[in-house]
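Analysis of the macromolecular model
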Amino acid sequence: MKLVMASSPHITSELNVQRTMLNVILALFPVIFFSFFFFGFPAFIVIISSVISAVLVESLVSIIKKEPLTVFDGSAALTGLLLALWLPPITPLWMILIGNIFAIGIVKQCFGGLGHNIFNPALAAKLFLSITYPTYMTSWYKANSWFQFLPVASSTPLSKGATLLTTHAQLFWGNTAGNIGTTSCFAIILGAIWLFKKHIIDWKTSASFLGTIFVFSILTWNDPFFQIMSGGVLFAAFFMLTDYVTTPLTKIGRILFGFFTGLLVISIRLWSIMPESIPFAVILMNGFVPLLDKLGVYLHLKIYEKLFTKHP
Amino acid sequence: MGLCPTLAISTSALNALSLGIATVVVLVSSNCLILLIKKDLPEKLYFLINIFIIATLVTIIELLLKAISPTLHNSLGIYLPLLVVNTLILERVESTTQHKDLKEALEDGVEKGLSFSLALFLIGSLREILGSGTFFSIPVLFNYKPMFIMLLPPGGFLIMGFILAYLNYRKNKNGIL
(Lines give C-alpha, C1' and ligand atoms only; values in the text may rest on other atoms or scores of the structure.)
Protein backbone atom coordinates (compact mmCIF):
# COMPACT_ATOMS: atom_id res chain seq x y z
CA MET A 1 0.00 0.00 0.00
CA LYS A 2 1.23 3.42 -0.84
CA LEU A 3 0.88 6.06 1.83
CA VAL A 4 0.78 9.69 0.81
CA MET A 5 1.57 12.27 3.46
CA ALA A 6 0.37 15.79 2.84
CA SER A 7 -0.24 18.88 4.87
CA SER A 8 -3.77 20.16 5.24
CA PRO A 9 -5.93 21.34 3.52
CA HIS A 10 -6.56 18.07 1.69
CA ILE A 11 -8.05 19.34 -1.51
CA THR A 12 -10.56 17.11 -3.16
CA SER A 13 -12.36 19.53 -5.45
CA GLU A 14 -11.15 20.65 -8.84
CA LEU A 15 -9.53 23.62 -7.13
CA ASN A 16 -5.80 23.06 -7.24
CA VAL A 17 -2.98 25.47 -6.55
CA GLN A 18 -2.80 26.67 -10.12
CA ARG A 19 -6.52 27.31 -10.31
CA THR A 20 -6.59 29.12 -6.99
CA MET A 21 -3.71 31.37 -7.94
CA LEU A 22 -5.35 32.08 -11.30
CA ASN A 23 -8.58 33.02 -9.58
CA VAL A 24 -6.82 35.38 -7.19
CA ILE A 25 -4.96 36.99 -10.09
CA LEU A 26 -8.29 37.35 -11.92
CA ALA A 27 -9.78 38.92 -8.81
CA LEU A 28 -6.94 41.43 -8.82
CA PHE A 29 -7.73 42.58 -12.35
CA PRO A 30 -10.14 45.36 -11.32
CA VAL A 31 -7.48 46.60 -8.92
CA ILE A 32 -4.88 46.60 -11.68
CA PHE A 33 -7.26 48.39 -14.02
CA PHE A 34 -8.07 51.09 -11.49
CA SER A 35 -4.42 51.59 -10.60
CA PHE A 36 -3.67 52.05 -14.28
CA PHE A 37 -6.55 54.49 -14.48
CA PHE A 38 -5.40 56.59 -11.53
CA PHE A 39 -1.61 56.34 -11.64
CA GLY A 40 -0.94 55.89 -15.31
CA PHE A 41 1.96 54.19 -17.00
CA PRO A 42 4.50 54.24 -14.12
CA ALA A 43 2.21 52.01 -12.08
CA PHE A 44 1.78 49.67 -15.02
CA ILE A 45 5.54 49.39 -15.46
CA VAL A 46 5.98 48.64 -11.76
CA ILE A 47 3.38 45.85 -11.89
CA ILE A 48 4.76 44.24 -15.05
CA SER A 49 8.38 44.35 -13.93
CA SER A 50 7.53 43.01 -10.49
CA VAL A 51 5.68 40.02 -11.91
CA ILE A 52 8.48 39.30 -14.37
CA SER A 53 11.21 39.56 -11.74
CA ALA A 54 9.26 37.36 -9.31
CA VAL A 55 8.92 34.64 -11.94
CA LEU A 56 12.60 34.97 -12.84
CA VAL A 57 13.74 34.73 -9.21
CA GLU A 58 11.52 31.72 -8.60
CA SER A 59 12.86 29.83 -11.59
CA LEU A 60 16.43 30.79 -10.68
CA VAL A 61 15.97 29.42 -7.16
CA SER A 62 14.48 26.22 -8.58
CA ILE A 63 17.49 25.82 -10.85
CA ILE A 64 19.93 26.46 -8.01
CA LYS A 65 18.14 23.99 -5.75
CA LYS A 66 18.09 21.47 -8.64
CA GLU A 67 14.37 20.93 -8.19
CA PRO A 68 11.59 20.84 -10.79
CA LEU A 69 10.44 24.28 -11.84
CA THR A 70 7.68 25.58 -9.59
CA VAL A 71 6.90 28.78 -11.47
CA PHE A 72 4.00 27.26 -13.35
CA ASP A 73 1.74 27.06 -10.32
CA GLY A 74 1.45 30.85 -10.53
CA SER A 75 2.28 31.51 -6.89
CA ALA A 76 5.43 33.42 -7.75
CA ALA A 77 3.60 35.62 -10.23
CA LEU A 78 0.93 36.28 -7.62
CA THR A 79 3.54 37.22 -5.03
CA GLY A 80 5.14 39.63 -7.48
CA LEU A 81 1.78 41.11 -8.33
CA LEU A 82 0.80 41.57 -4.68
CA LEU A 83 4.16 43.16 -3.90
CA ALA A 84 3.78 45.56 -6.83
CA LEU A 85 0.35 46.57 -5.63
CA TRP A 86 1.84 47.53 -2.27
CA LEU A 87 4.55 49.76 -3.75
CA PRO A 88 4.30 53.48 -4.52
CA PRO A 89 3.54 54.28 -8.18
CA ILE A 90 7.10 55.28 -8.90
CA THR A 91 9.56 52.70 -7.68
CA PRO A 92 12.99 52.20 -9.25
CA LEU A 93 13.31 48.90 -11.08
CA TRP A 94 16.33 47.70 -9.09
CA MET A 95 14.32 48.18 -5.90
CA ILE A 96 11.54 46.00 -7.28
CA LEU A 97 14.13 43.34 -8.08
CA ILE A 98 15.55 43.48 -4.54
CA GLY A 99 12.06 43.26 -3.11
CA ASN A 100 11.27 40.19 -5.18
CA ILE A 101 14.57 38.54 -4.32
CA PHE A 102 13.72 39.04 -0.67
CA ALA A 103 10.12 37.89 -1.09
CA ILE A 104 10.72 34.78 -3.17
CA GLY A 105 14.32 33.90 -2.39
CA ILE A 106 14.41 34.48 1.34
CA VAL A 107 10.92 34.61 2.78
CA LYS A 108 9.46 31.86 0.61
CA GLN A 109 12.19 29.54 -0.65
CA CYS A 110 14.53 29.64 2.36
CA PHE A 111 11.64 28.28 4.43
CA GLY A 112 10.97 25.52 1.94
CA GLY A 113 8.85 26.93 -0.87
CA LEU A 114 5.13 27.26 -1.33
CA GLY A 115 3.15 26.15 1.69
CA HIS A 116 6.06 26.34 4.11
CA ASN A 117 6.62 30.04 4.46
CA ILE A 118 5.88 31.48 7.89
CA PHE A 119 5.41 35.04 6.72
CA ASN A 120 3.48 36.51 3.84
CA PRO A 121 6.20 36.98 1.19
CA ALA A 122 4.74 40.07 -0.46
CA LEU A 123 4.18 41.93 2.78
CA ALA A 124 7.53 40.86 4.22
CA ALA A 125 9.25 42.24 1.12
CA LYS A 126 7.24 45.44 1.38
CA LEU A 127 8.31 45.75 5.00
CA PHE A 128 11.94 45.06 4.07
CA LEU A 129 11.84 47.74 1.40
CA SER A 130 10.11 50.30 3.58
CA ILE A 131 12.70 49.87 6.33
CA THR A 132 15.63 49.74 3.92
CA TYR A 133 14.67 52.62 1.66
CA PRO A 134 12.30 54.76 3.73
CA THR A 135 12.58 57.81 1.49
CA TYR A 136 11.52 55.94 -1.65
CA MET A 137 8.78 54.05 0.05
CA THR A 138 7.12 57.15 1.49
CA SER A 139 7.09 59.31 -1.61
CA TRP A 140 3.52 59.12 -2.82
CA TYR A 141 1.97 60.82 -5.76
CA LYS A 142 -1.31 62.43 -6.54
CA ALA A 143 -3.71 60.30 -8.48
CA ASN A 144 -5.54 62.42 -10.96
CA SER A 145 -4.40 62.01 -14.50
CA TRP A 146 -4.54 59.18 -16.94
CA PHE A 147 -1.41 58.51 -18.99
CA GLN A 148 0.70 60.66 -16.74
CA PHE A 149 4.45 60.30 -16.94
CA LEU A 150 5.63 62.64 -14.21
CA PRO A 151 3.28 62.40 -11.25
CA VAL A 152 2.91 65.14 -8.67
CA ALA A 153 4.23 64.42 -5.20
CA SER A 154 1.64 64.37 -2.49
CA SER A 155 1.00 63.13 1.01
CA THR A 156 -1.38 60.30 1.73
CA PRO A 157 -4.62 60.76 3.64
CA LEU A 158 -2.97 58.93 6.54
CA SER A 159 0.18 61.07 6.76
CA LYS A 160 0.70 62.72 10.10
CA GLY A 161 -0.02 66.42 10.09
CA ALA A 162 -1.29 66.42 6.55
CA THR A 163 -3.76 69.14 5.84
CA LEU A 164 -5.13 67.03 3.04
CA LEU A 165 -8.85 66.59 3.23
CA THR A 166 -10.04 63.44 1.59
CA THR A 167 -13.69 62.75 1.12
CA HIS A 168 -15.22 59.34 1.54
CA ALA A 169 -16.13 59.24 -2.14
CA GLN A 170 -12.51 59.85 -3.10
CA LEU A 171 -11.38 57.06 -0.80
CA PHE A 172 -14.03 54.72 -2.16
CA TRP A 173 -13.13 55.17 -5.81
CA GLY A 174 -9.41 55.36 -5.08
CA ASN A 175 -8.76 58.87 -6.29
CA THR A 176 -6.13 59.54 -3.62
CA ALA A 177 -2.39 59.27 -3.16
CA GLY A 178 -1.16 55.94 -1.98
CA ASN A 179 0.24 52.59 -2.98
CA ILE A 180 -0.58 51.34 -6.46
CA GLY A 181 -3.21 48.78 -5.63
CA THR A 182 -4.51 49.73 -2.25
CA THR A 183 -6.32 53.00 -2.89
CA SER A 184 -9.44 51.95 -4.75
CA CYS A 185 -11.93 50.33 -2.39
CA PHE A 186 -14.40 49.81 -5.22
CA ALA A 187 -12.00 47.65 -7.22
CA ILE A 188 -10.94 45.71 -4.15
CA ILE A 189 -14.56 44.96 -3.26
CA LEU A 190 -15.19 43.78 -6.82
CA GLY A 191 -12.25 41.39 -6.52
CA ALA A 192 -13.39 40.23 -3.10
CA ILE A 193 -16.87 39.44 -4.42
CA TRP A 194 -15.28 37.25 -7.10
CA LEU A 195 -13.18 35.45 -4.48
CA PHE A 196 -16.17 34.87 -2.22
CA LYS A 197 -18.21 33.62 -5.15
CA LYS A 198 -15.49 31.09 -5.99
CA HIS A 199 -15.21 30.09 -2.29
CA ILE A 200 -11.50 30.86 -2.30
CA ILE A 201 -11.28 33.01 0.78
CA ASP A 202 -12.82 32.62 4.19
CA TRP A 203 -15.07 35.38 5.43
CA LYS A 204 -14.15 34.88 9.10
CA THR A 205 -10.70 36.45 9.02
CA SER A 206 -11.75 39.42 6.91
CA ALA A 207 -14.92 40.00 8.91
CA SER A 208 -13.25 39.92 12.30
CA PHE A 209 -10.40 42.10 11.01
CA LEU A 210 -12.69 44.76 9.56
CA GLY A 211 -15.07 44.54 12.51
CA THR A 212 -12.26 45.07 14.99
CA ILE A 213 -11.00 48.10 13.13
CA PHE A 214 -14.53 49.49 12.90
CA VAL A 215 -15.28 49.05 16.60
CA PHE A 216 -11.92 50.27 17.85
CA SER A 217 -11.91 53.34 15.66
CA ILE A 218 -15.32 54.25 17.10
CA LEU A 219 -14.03 53.60 20.62
CA THR A 220 -11.00 55.83 20.05
CA TRP A 221 -13.21 58.52 18.53
CA ASN A 222 -12.03 58.23 14.93
CA ASP A 223 -14.00 58.07 11.74
CA PRO A 224 -14.44 54.29 11.23
CA PHE A 225 -15.14 54.55 7.50
CA PHE A 226 -12.02 56.60 6.96
CA GLN A 227 -9.94 54.07 8.89
CA ILE A 228 -11.31 51.15 6.91
CA MET A 229 -11.13 52.71 3.48
CA SER A 230 -7.63 54.17 3.74
CA GLY A 231 -4.16 52.71 3.74
CA GLY A 232 -4.99 49.37 2.23
CA VAL A 233 -7.03 47.94 5.10
CA LEU A 234 -9.57 46.47 2.69
CA PHE A 235 -6.83 45.12 0.43
CA ALA A 236 -5.15 43.43 3.37
CA ALA A 237 -8.47 42.09 4.63
CA PHE A 238 -9.32 40.28 1.40
CA PHE A 239 -5.98 39.51 -0.23
CA MET A 240 -3.37 39.38 2.53
CA LEU A 241 -5.00 38.02 5.69
CA THR A 242 -6.71 35.26 3.73
CA ASP A 243 -3.49 33.88 2.26
CA TYR A 244 -3.76 30.11 2.74
CA VAL A 245 -0.28 29.56 4.00
CA THR A 246 -0.01 32.21 6.67
CA THR A 247 -3.47 31.97 8.21
CA PRO A 248 -4.61 29.74 11.06
CA LEU A 249 -6.51 26.64 10.02
CA THR A 250 -9.06 26.61 12.82
CA LYS A 251 -12.16 28.78 12.87
CA ILE A 252 -11.51 30.33 16.26
CA GLY A 253 -7.87 30.80 15.30
CA ARG A 254 -8.94 32.75 12.23
CA ILE A 255 -11.28 34.99 14.17
CA LEU A 256 -8.59 35.68 16.77
CA PHE A 257 -6.04 36.30 14.00
CA GLY A 258 -8.26 38.94 12.41
CA PHE A 259 -9.06 40.48 15.76
CA PHE A 260 -5.45 40.89 16.88
CA THR A 261 -4.30 42.15 13.50
CA GLY A 262 -7.02 44.78 13.54
CA LEU A 263 -6.06 45.79 17.05
CA LEU A 264 -2.40 46.13 16.01
CA VAL A 265 -3.32 48.15 12.92
CA ILE A 266 -5.32 50.63 14.96
CA SER A 267 -2.66 50.93 17.66
CA ILE A 268 0.15 51.44 15.15
CA ARG A 269 -1.90 54.04 13.30
CA LEU A 270 -2.82 56.02 16.36
CA TRP A 271 0.25 55.80 18.54
CA SER A 272 3.29 55.27 16.36
CA ILE A 273 5.31 57.29 13.89
CA MET A 274 5.17 54.80 11.04
CA PRO A 275 2.84 55.91 8.28
CA GLU A 276 2.08 52.36 7.24
CA SER A 277 0.65 49.95 9.72
CA ILE A 278 -0.65 46.99 7.75
CA PRO A 279 2.67 45.28 6.88
CA PHE A 280 3.91 45.49 10.46
CA ALA A 281 0.67 44.22 11.95
CA VAL A 282 0.24 41.36 9.52
CA ILE A 283 3.85 40.16 9.68
CA LEU A 284 3.83 40.32 13.47
CA MET A 285 0.64 38.28 13.64
CA ASN A 286 1.95 35.79 11.05
CA GLY A 287 4.51 34.81 13.65
CA PHE A 288 1.71 33.98 16.08
CA VAL A 289 -0.23 31.75 13.69
CA PRO A 290 0.97 28.39 15.12
CA LEU A 291 0.10 29.55 18.63
CA LEU A 292 -3.34 30.72 17.52
CA ASP A 293 -3.89 27.37 15.84
CA LYS A 294 -3.04 25.52 19.03
CA LEU A 295 -5.35 27.77 20.99
CA GLY A 296 -8.05 27.27 18.36
CA VAL A 297 -7.82 23.48 18.56
CA TYR A 298 -7.90 23.63 22.36
CA LEU A 299 -10.96 25.89 22.39
CA HIS A 300 -12.74 23.78 19.77
CA LEU A 301 -12.22 20.69 21.88
CA LYS A 302 -13.48 22.49 24.99
CA ILE A 303 -16.59 23.68 23.17
CA TYR A 304 -17.38 20.24 21.78
CA GLU A 305 -16.86 18.76 25.21
CA LYS A 306 -19.36 21.21 26.66
CA LEU A 307 -21.87 20.56 23.89
CA PHE A 308 -21.71 16.85 23.45
CA THR A 309 -20.91 15.41 26.89
CA LYS A 310 -24.02 13.92 28.43
CA HIS A 311 -24.53 15.06 31.98
CA PRO A 312 -26.29 12.55 34.19
CA MET B 1 27.49 32.32 22.06
CA GLY B 2 27.75 35.96 23.04
CA LEU B 3 25.06 36.88 20.51
CA CYS B 4 24.15 40.18 22.12
CA PRO B 5 27.37 42.10 21.39
CA THR B 6 27.72 40.29 18.07
CA LEU B 7 24.51 41.68 16.69
CA ALA B 8 24.54 45.02 18.44
CA ILE B 9 28.07 46.10 17.69
CA SER B 10 28.83 44.57 14.32
CA THR B 11 27.44 47.46 12.35
CA SER B 12 30.86 48.37 11.02
CA ALA B 13 34.10 46.52 10.42
CA LEU B 14 36.10 48.72 12.77
CA ASN B 15 33.70 48.26 15.67
CA ALA B 16 33.56 44.54 15.16
CA LEU B 17 37.32 44.22 14.91
CA SER B 18 37.99 46.26 18.04
CA LEU B 19 35.47 44.30 20.06
CA GLY B 20 37.03 41.11 18.75
CA ILE B 21 40.51 42.19 19.79
CA ALA B 22 39.23 43.18 23.22
CA THR B 23 37.64 39.75 23.55
CA VAL B 24 40.86 37.99 22.59
CA VAL B 25 42.90 39.97 25.12
CA VAL B 26 40.41 39.43 27.93
CA LEU B 27 39.97 35.76 27.13
CA VAL B 28 43.66 34.93 26.92
CA SER B 29 44.69 36.84 30.02
CA SER B 30 41.81 35.65 32.16
CA ASN B 31 42.43 32.08 31.07
CA CYS B 32 46.05 32.28 32.14
CA LEU B 33 45.42 34.20 35.35
CA ILE B 34 42.75 31.84 36.56
CA LEU B 35 44.87 28.84 35.72
CA LEU B 36 47.70 30.25 37.82
CA ILE B 37 45.63 30.77 40.96
CA LYS B 38 43.31 27.83 40.46
CA LYS B 39 44.97 25.57 42.99
CA ASP B 40 44.53 27.96 45.90
CA LEU B 41 40.87 28.70 45.23
CA PRO B 42 38.11 27.33 47.42
CA GLU B 43 35.44 25.50 45.43
CA LYS B 44 32.61 27.75 46.60
CA LEU B 45 34.16 31.00 45.53
CA TYR B 46 35.41 29.77 42.17
CA PHE B 47 32.76 31.38 39.99
CA LEU B 48 32.78 34.61 41.97
CA ILE B 49 36.52 35.05 41.61
CA ASN B 50 36.31 34.20 37.91
CA ILE B 51 33.86 37.03 37.36
CA PHE B 52 35.96 39.29 39.52
CA ILE B 53 39.08 38.69 37.45
CA ILE B 54 37.24 39.10 34.13
CA ALA B 55 35.63 42.31 35.33
CA THR B 56 39.00 43.70 36.37
CA LEU B 57 40.51 42.90 32.99
CA VAL B 58 37.55 44.37 31.11
CA THR B 59 37.78 47.55 33.15
CA ILE B 60 41.47 47.84 32.31
CA ILE B 61 40.72 47.40 28.59
CA GLU B 62 37.90 49.91 28.75
CA LEU B 63 39.99 52.57 30.45
CA LEU B 64 42.82 51.95 27.98
CA LEU B 65 40.50 52.33 25.02
CA LYS B 66 39.04 55.50 26.51
CA ALA B 67 42.52 56.95 26.77
CA ILE B 68 43.62 55.87 23.28
CA SER B 69 40.53 56.51 21.22
CA PRO B 70 37.51 58.15 22.87
CA THR B 71 35.43 58.01 19.67
CA LEU B 72 35.82 54.26 19.38
CA HIS B 73 34.99 53.95 23.06
CA ASN B 74 31.85 55.95 22.45
CA SER B 75 30.75 53.87 19.52
CA LEU B 76 31.27 50.62 21.40
CA GLY B 77 29.27 52.03 24.29
CA ILE B 78 27.85 49.63 26.83
CA TYR B 79 28.89 46.52 24.90
CA LEU B 80 32.50 46.71 26.00
CA PRO B 81 31.67 46.52 29.74
CA LEU B 82 29.18 43.80 28.87
CA LEU B 83 32.11 41.57 27.93
CA VAL B 84 32.12 40.69 31.63
CA VAL B 85 29.02 38.59 31.19
CA ASN B 86 29.84 37.38 27.70
CA THR B 87 28.95 33.72 27.74
CA LEU B 88 31.84 32.84 25.46
CA ILE B 89 34.41 34.12 27.94
CA LEU B 90 32.61 32.62 30.94
CA GLU B 91 32.33 29.25 29.27
CA ARG B 92 35.97 29.14 28.22
CA VAL B 93 37.20 30.27 31.64
CA GLU B 94 34.99 27.69 33.28
CA SER B 95 36.59 25.00 31.17
CA THR B 96 40.13 26.03 32.11
CA THR B 97 39.75 23.67 35.06
CA GLN B 98 40.47 20.89 32.61
CA HIS B 99 43.64 22.45 31.35
CA LYS B 100 46.91 21.02 32.55
CA ASP B 101 49.39 23.78 31.91
CA LEU B 102 49.75 27.35 30.85
CA LYS B 103 50.49 26.59 27.21
CA GLU B 104 47.23 24.74 26.75
CA ALA B 105 45.20 27.53 28.34
CA LEU B 106 46.96 30.09 26.18
CA GLU B 107 46.29 28.12 23.01
CA ASP B 108 42.68 27.63 23.91
CA GLY B 109 42.17 31.32 24.59
CA VAL B 110 43.86 32.43 21.38
CA GLU B 111 42.01 29.89 19.25
CA LYS B 112 38.52 30.57 20.57
CA GLY B 113 39.05 34.32 20.80
CA LEU B 114 40.40 34.58 17.28
CA SER B 115 37.59 32.55 15.78
CA PHE B 116 35.07 34.70 17.62
CA SER B 117 36.65 37.89 16.36
CA LEU B 118 36.88 36.47 12.84
CA ALA B 119 33.15 35.77 12.84
CA LEU B 120 32.49 39.20 14.31
CA PHE B 121 34.69 40.85 11.71
CA LEU B 122 33.00 38.98 8.88
CA ILE B 123 29.51 39.99 10.00
CA GLY B 124 30.69 43.53 10.71
CA SER B 125 32.31 44.07 7.33
CA LEU B 126 29.37 42.59 5.41
CA ARG B 127 26.95 44.76 7.32
CA GLU B 128 29.05 47.85 6.79
CA ILE B 129 29.46 47.23 3.06
CA LEU B 130 25.76 46.53 2.54
CA GLY B 131 24.43 48.97 5.09
CA SER B 132 26.47 52.06 4.35
CA GLY B 133 28.51 51.17 1.28
CA THR B 134 31.82 51.65 3.07
CA PHE B 135 34.58 49.47 4.44
CA PHE B 136 36.56 50.88 7.38
CA SER B 137 34.73 54.15 6.53
CA ILE B 138 36.24 54.14 3.02
CA PRO B 139 33.59 54.09 0.30
CA VAL B 140 33.93 50.92 -1.72
CA LEU B 141 30.66 50.70 -3.60
CA PHE B 142 29.91 53.55 -5.97
CA ASN B 143 26.49 54.64 -7.10
CA TYR B 144 25.03 52.50 -4.36
CA LYS B 145 21.91 53.16 -2.32
CA PRO B 146 22.71 51.99 1.22
CA MET B 147 20.41 49.34 2.62
CA PHE B 148 19.52 50.91 5.92
CA ILE B 149 18.08 47.69 7.32
CA MET B 150 21.54 46.12 7.49
CA LEU B 151 22.51 48.54 10.25
CA LEU B 152 19.51 47.48 12.31
CA PRO B 153 19.27 44.23 14.31
CA PRO B 154 17.19 42.45 11.60
CA GLY B 155 20.06 42.94 9.18
CA GLY B 156 22.47 41.40 11.68
CA PHE B 157 20.25 38.35 12.03
CA LEU B 158 19.92 38.10 8.25
CA ILE B 159 23.68 38.20 7.67
CA MET B 160 24.33 35.75 10.48
CA GLY B 161 21.69 33.44 9.07
CA PHE B 162 23.33 33.51 5.66
CA ILE B 163 26.76 32.78 7.10
CA LEU B 164 25.38 29.90 9.17
CA ALA B 165 23.54 28.61 6.12
CA TYR B 166 26.75 28.64 4.12
CA LEU B 167 28.61 26.83 6.90
CA ASN B 168 25.85 24.22 7.09
CA TYR B 169 25.97 23.80 3.33
CA ARG B 170 29.71 23.17 3.44
CA LYS B 171 29.26 20.82 6.39
CA ASN B 172 26.65 18.79 4.52
CA LYS B 173 28.77 18.67 1.42
CA ASN B 174 32.17 17.79 2.86
CA GLY B 175 31.25 16.32 6.20
CA ILE B 176 33.47 18.87 7.95
CA LEU B 177 33.46 22.61 8.36
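Numbering of residues starts from 1 in each chain and follows the order in which that chain's sequence is written. Both sets of labels track the order of writing: A upward for chains, 1 upward for ligands. The model is predicted, so local features are restricted to residues of pLDDT at least 70 and side-chain atom pairs to those at 80 or more, both for listing and for counting; the totals for chains, interfaces and linings are taken over all residues.

Re the overall build of chain A
Note the cut-off: Counting from the N terminus, the helices are the DSSP runs of H or I reaching at least four residues and the strands are the DSSP runs of E reaching at least two. Three exposure classes are used, all based on how many other C-beta atoms lie within 10 Å of a residue's own C-beta (placed from the backbone): buried at 20 or more, exposed at 12 or fewer, and partly exposed between those limits. Note on contacts: residues are paired as contacts if their backbone-placed C-beta atoms lie within 7 Å.
Of regular secondary structure, chain A possesses 15 helices and two strands. Going through the 312 residues of chain A one by one, you find that 46% of them count as buried. Contacts spanning at least 24 positions in sequence make up 73% of the contacts within chain A whose residues lie at least 6 apart.

Here's the deal with the nonpolar core
So the rule is basically this: In these notes, a nonpolar core means any group of buried Ala, Val, Leu, Ile, Met, Phe, Trp, Tyr and Cys residues linked to one another through C-beta atoms within 7 Å.
Membership of the largest hydrophobic core comes to 106 residues, with the highest contact counts inside it found for Leu81(A), Ala84(A), Ala124(A), Ala125(A), Leu234(A), Phe238(A) and Val282(A). At nine residues, helix α2 (residues 13–37) of chain B tops the list of elements feeding residues into this core. Leaving out residues up to four positions away in the same chain, Val282(A) has contacts with Asn120(A), Leu123(A), Ala236(A), Met240(A), Leu241(A) and Thr261(A).

Considering the packing of helix α10 (residues 203–219) of chain A against helix α12 (residues 233–240) of chain A
Residues and elements named next belong to chain A. We apply this condition: Throughout, an axis means a line fitted to C-alpha atoms (over the contacting stretch in the case of helices), and angles, computed between N-to-C directions, take values from 0 to 180 degrees. Throughout, the term roughly parallel applies to angles under 35 degrees, roughly antiparallel to angles over 145, roughly perpendicular to angles from 65 to 115, and oblique to all others. Note on convention: the crossing is left-handed when the near helix lies turned anticlockwise from the far helix by less than a right angle, right-handed when the turn is clockwise. For this classification, Asp, Glu, Lys and Arg are treated as charged, while Ala, Val, Leu, Ile, Met, Phe, Trp, Tyr, Cys and Pro are nonpolar and the rest, including Gly, are polar.
Contact geometry of α10 with α12 gives a least axis separation of 9 Å together with a crossing angle of 160 degrees. Judged on the interaxial angle alone, α12 and α10 are roughly antiparallel. The way α10 lies across α12 gives a crossing that is right-handed. Here α10 contributes Ser206, Phe209, Leu210 and Ile213 to the contact with α12, which in turn contributes Val233, Ala237 and Phe238. Per-class residue counts for the contact of α10 with α12 are six nonpolar, one polar and no charged.

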